[in-house]
Protein chains: 2
Amino acid sequence: MTDTTPDTALDIIAIGNALVDVLSPTADDFIASEGLTRGAMQLIDADRATSLYAKMGPGVEISGGSAGNTVAGAAALGARCAFVGQVARDQLGEVFVHDLRSQGIAFTVPPRTPDVPTGRCLVLVSPDGQRTMNTYLGAAQYLPTSALDEAQIASAKVLLLEGYLWDPAEPRAAMKAAIGIARKAGREVALGVSAVFCILSHRADFTALIDEGQIDILFANEEELFALTGLDEFEAAVAAVAPKLRVLVATRGPAGAVAIADGKRFEVAAEPVDRVVDTTGAGDLFSAGYLTGHVQGRSVEQCLRMGAIAAAEVISHYGARPEADLKMMVDARLG
Amino acid sequence: MTDTTPDTALDIIAIGNALVDVLSPTADDFIASEGLTRGAMQLIDADRATSLYAKMGPGVEISGGSAGNTVAGAAALGARCAFVGQVARDQLGEVFVHDLRSQGIAFTVPPRTPDVPTGRCLVLVSPDGQRTMNTYLGAAQYLPTSALDEAQIASAKVLLLEGYLWDPAEPRAAMKAAIGIARKAGREVALGVSAVFCILSHRADFTALIDEGQIDILFANEEELFALTGLDEFEAAVAAVAPKLRVLVATRGPAGAVAIADGKRFEVAAEPVDRVVDTTGAGDLFSAGYLTGHVQGRSVEQCLRMGAIAAAEVISHYGARPEADLKMMVDARLG
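The residue numbers shown here count from 1 along each chain, following its written sequence. Chains and ligands are labelled sequentially in the order written, the chains with letters from A and the ligands with numbers from 1. The predicted origin of the model limits local features to residues at a pLDDT of at least 70 and limits the giving and counting of side-chain atom pairs to 80 or more, whereas totals for whole chains, interfaces and linings rest on all residues.

Asks: Honestly, the packing of helix α3 (residues 66-76) of chain A against helix α10 (residues 282-295) of chain A in this entry has me stumped. Any pointers?
Replies: How two helices pack is summed up by the angle between their axes together with the distance between the axes. All names here are of chain A. One way to put it is that α3 packs onto α10 with a least axis distance of 8 Å and a crossing angle of 45°. By the angle between their axes, α3 is oblique relative to α10. The crossing of α3 and α10 is right-handed. Residues S66, N69, T70, G73 and A74 of α3 form the contact with α10, whose participating residues are D284, L285, S287, A288, G289, L291 and T292. An axis is simply a line fitted to the C-alpha atoms; with a helix, the fit covers only the stretch in contact. Between two such axes, the angle follows the N-to-C directions and lies from 0 to 180 degrees. Every helix listed is a DSSP run of H or I at least four residues long, and every strand listed is a run of E at least two residues long, numbered separately from the N terminus. Here the angle decides the label: under 35 degrees means roughly parallel, over 145 means roughly antiparallel, 65 to 115 means roughly perpendicular, and every other value means oblique. Helix crossings fall into two classes, left-handed where the near helix is turned counterclockwise from the far one by less than a right angle and right-handed where it is turned clockwise. Contact between two residues is assigned when their C-beta atoms, built from the backbone, lie within 7 Å.

Structure follows, in structure tokens:
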């Protein structure tokens, strides 16, 4: 099922929002009093970002962004990765790019002028580890099609697209172009649908992409599958989507995950965690583990286990980027 | 021993380097190959900061600075605090100021133009939790005397000075002026000597301040006491310095701490820690606990215990700012 062409220079190239997360432990009553939906992600503008930040407690800044988190995890697991996203020429932009490159992830998109700053996600972390995300996209929403390097995309086994980025017009056009390049080169295309609000806004587009066979691998959680299908029962939603894909990976939080690959069904339990500190990035790191196993030609069972291991690591500490040696963890548990 | 004037608006006002820490887990061989001294702090220029950052792994950004960490800890313990330091008008400057203000710490120094950026400390964290610090002072070294608010300094029970800031000329002049203001108002002056290199550079100044009775409370670790006194035996070094102070607080890492207060000797064991993750800020947080107990009029034994509890919390996670509810921890353990 994986691409075995010997000349692929990259395993995964991801297109996504270039964001730095600002994480702050927060009581649930603050989330309620700010009119936020606990556990959800919402887009905010620059003014709201400033006013919400002023009310938040002390923070920790860690590079984030859904697809960025996925390639950070995949690189930590040994995959050769590139990331495509837009930062501004400012300090948070430097941080974001540094954190990718220092993991050996290729990043070649030039920064924009700093009049629109690098995007950030204000993440309120509840005492139980649930996170409520408030994203100011900043420069990220201006990723132009001209930022794409056709040869680079054509050289990667898998093109991973971040659903969040379907919202702004410029990156959406860039992602459509990237799909064309990848398909023409005979590569696989993976999509993380990212969030329910994202599906509700772009259901027709996502459905069309899936129906047309443009997507090989889809990552979604339970609620996202419901939003995508209009169904409210997990197995029915899976059954409605899976036949249109080579692989559907459906995550269910503490209940584990299911993959339907080439018509066969596989399941994995969630990896045990001592204490859930911060669930930011759980889905992104599940995708990282799964995709890395996939490009390494592992069995679907092993891909799922790698996803579960990577997700468990990231929810055991603050931030959506891996801290422990993921590769060693996987090697120790899977051999 | 504590100031009991009822009209003090503040408990602690601190003058120190405004720095954002960039923490990255690092193998000891990288520290050696870069020619760095494990566990030490050294000053670096902008070019070296750029080149070292490029070689470092992915990082986490958390507000730092020795005196800034101390007031962050003191505020978390319930003390009313202000901080005086210089940031630039840039994103890291915003982060630093936000993290203070969001804890209720007063901060009124206007940011400088961003041509010299906000200072940062590249912290390489070894697997055993030891940290090696590389500080680019940036804007912090330009704190001018004009940034001082005389009424604010006069309104604080304790003026805390960061020894690191004795190095650049402008903040040194500002700190000398601040000592004059505090003493004239009948307040106490505390000094953290910060680091051995700092003492070696400014031993004559520090010795003169202590000999002249300008310092009421001195915080130093074992090596710093050796550097200050030229002695190489702990008890002898303590005996040489303590009589010139109201309080000497000498920290000894895992061996606990000693205080000599008004001629009497007190000791505390280190608070047990499950796992030492990152020792950045251990001394700063010991000072935070001690000083908060001090301004609350607690016994020296309780001040030492508060120092030990705050230091133990900060070494159990990444970063030099408290994460847990320090006040609740102290209330539970001391009543």
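Moving on from the model shown.
Asks: Sorry, what's going on with the interface of chain A and chain B here?
Replies: Where the parts come together, the accessible area they lose is often given as the size of the interface. Every contact between the two is made by 19 residues of chain A and, on the other side, 19 residues of chain B. Sorting elements by how many residues they give to the side of chain A that touches chain B places helix α4 (residues 91-101) of chain A first, with five residues. Residues of the side of chain A that touches chain B, tallied by class, amount to seven nonpolar, eight polar and four charged. Only Asp, Glu, Lys and Arg are considered charged in this grouping, and only Ala, Val, Leu, Ile, Met, Phe, Trp, Tyr, Cys and Pro are considered nonpolar; every other residue, Gly among them, is considered polar.

Asks: Help me out: how do you make sense of the relation of the copies chain A and chain B in this one?
Replies: One copy of the chain maps onto the other through a rotation about an axis followed by a shift along the same axis. A least-squares superposition brings the copies together, and it is based on the C-alpha atoms of residues with pLDDT no lower than 70 in both. For the pair chain A and chain B, the best superposition has an RMSD of 0.0 Å and corresponds to a rotation of 180° with a translation of 0.0 Å parallel to the axis. What we have between these two chains is a two-fold relation. Of every C-alpha in chain A, the one belonging to E61 of chain A sits nearest the axis of rotation, 2.4 Å from it.

Asks: Is there a simple way to think about the pairing of strand β11 (residues 247-251) of chain B in this case?
Replies: Regular strands have side chains that alternate between both faces of the sheet. Residue and element names in this part refer to chain B. For β11, the buried fraction is high: five of the five residues fall into the buried class. Any residue with 12 or fewer other C-beta atoms within 10 Å of its own C-beta is exposed, any with 20 or more is buried, and the rest are partly exposed; the C-beta atoms used are placed from the backbone. Burial along β11 is two-sided: V247, V249 and T251 and L248 and A250, pointing in opposite directions, are all buried. Two strands qualify as a pair provided that DSSP identifies no fewer than 2 bridges between them. Bridge count between strand β10 (residues 217-221) and β11: five bridges; the pairing is parallel. Residue A220 lies in a different strand from β11, and its bridge partner there is A250. Strand direction decides the pairing type here: β11 and strand β12 (residues 257-261), joined by five bridges, are antiparallel. Residue pairing for β12: A250 is matched across the bridge by V258. Turn length for the β11-β12 hairpin, with the two strands adjacent in sequence and antiparallel, is five residues, and the turn residue G253 shows positive phi of about 60°.

Asks: Explanation requested: the sheet that holds strand β10 (residues 217-221) of chain A in the structure shown.
Replies: Adjacent strands of a sheet pair through backbone hydrogen bonds, lying either parallel or antiparallel. Residue and element names in this part refer to chain A. What the eight strands build is an open sheet, ordered β5-β1-β8-β9-β10-β11-β12-β13; its pairing is mixed. Lying at the two open borders of the sheet, with one neighbouring strand each, are β5 (81-84) and β13 (264-268). Taking each pair of neighbouring strands and ignoring which way they run, the sheet shows an average axis angle of 15°. With five bridges connecting them, strand β8 (residues 156-162) and strand β9 (residues 188-192) associate as parallel partners. Looking at β9, one finds that V158 is bridged to E188. In the packing of helix α9 (residues 234-241) onto the sheet, contacts are made with β10, β11 (247-251) and β12 (257-261), and the angle to β11 comes to roughly 160°.

Asks: How do you make sense of the sheet that holds strand β5 (residues 81-84) of chain B when you look at a structure like this?
Replies: Residues and elements named next belong to chain B. The sheet built from eight strands is open, its strands ordered β5-β1-β8-β9-β10-β11-β12-β13 with mixed pairing. Here the strands that pair on one side only, and so sit at the sheet edges, are β5 and β13 (264-268). Across this sheet, the average inter-strand angle for adjacent strands is 15°, counted without regard to direction. Here helix α3 (residues 66-76) sits on the sheet and contacts β1 (10-15), β5, β8 (156-162) and β9 (188-192); the angle it forms with β1, its principal contact strand, is near 160°. Packing of helix α6 (residues 169-184) onto the sheet brings it into contact with β1, β8 and β9, and relative to β8 it is tilted by some 160°.

Asks: In this structure, what is going on with the environment of P254 of chain B? I would like to understand it.
Replies: Tracing the backbone through its elements, the reader meets P254 of chain B in the loop between β11 and β12. Each C-alpha atom of the pair P254 of chain B and E162 of chain B lies 23 Å from the other, and the pair is 92 residues apart in sequence.

Asks: Explain unusual backbone geometry to me, please; I cannot follow it from the model alone.
Replies: A negative phi angle characterises most non-glycine residues, just as the trans form characterises most peptide bonds. Residues and elements named next belong to chain A. The phi angle at D262 is positive, at roughly 50°, despite the residue not being glycine. On the secondary structure map, D262 appears in the loop between β12 and β13. For D262, a count of 10 C-beta atoms within 10 Å gives the class exposed.

Asks: So what exactly am I meant to see when it comes to the pairing of β8 of chain A here?
Replies: Residues and elements named next belong to chain A. Among the seven residues in β8, seven count as buried, and that is most of the element. Pairing geometry for strand β1 (residues 10-15) and β8, over five bridges, is parallel. The partner of I15 across the bridge, within β8, is L161.

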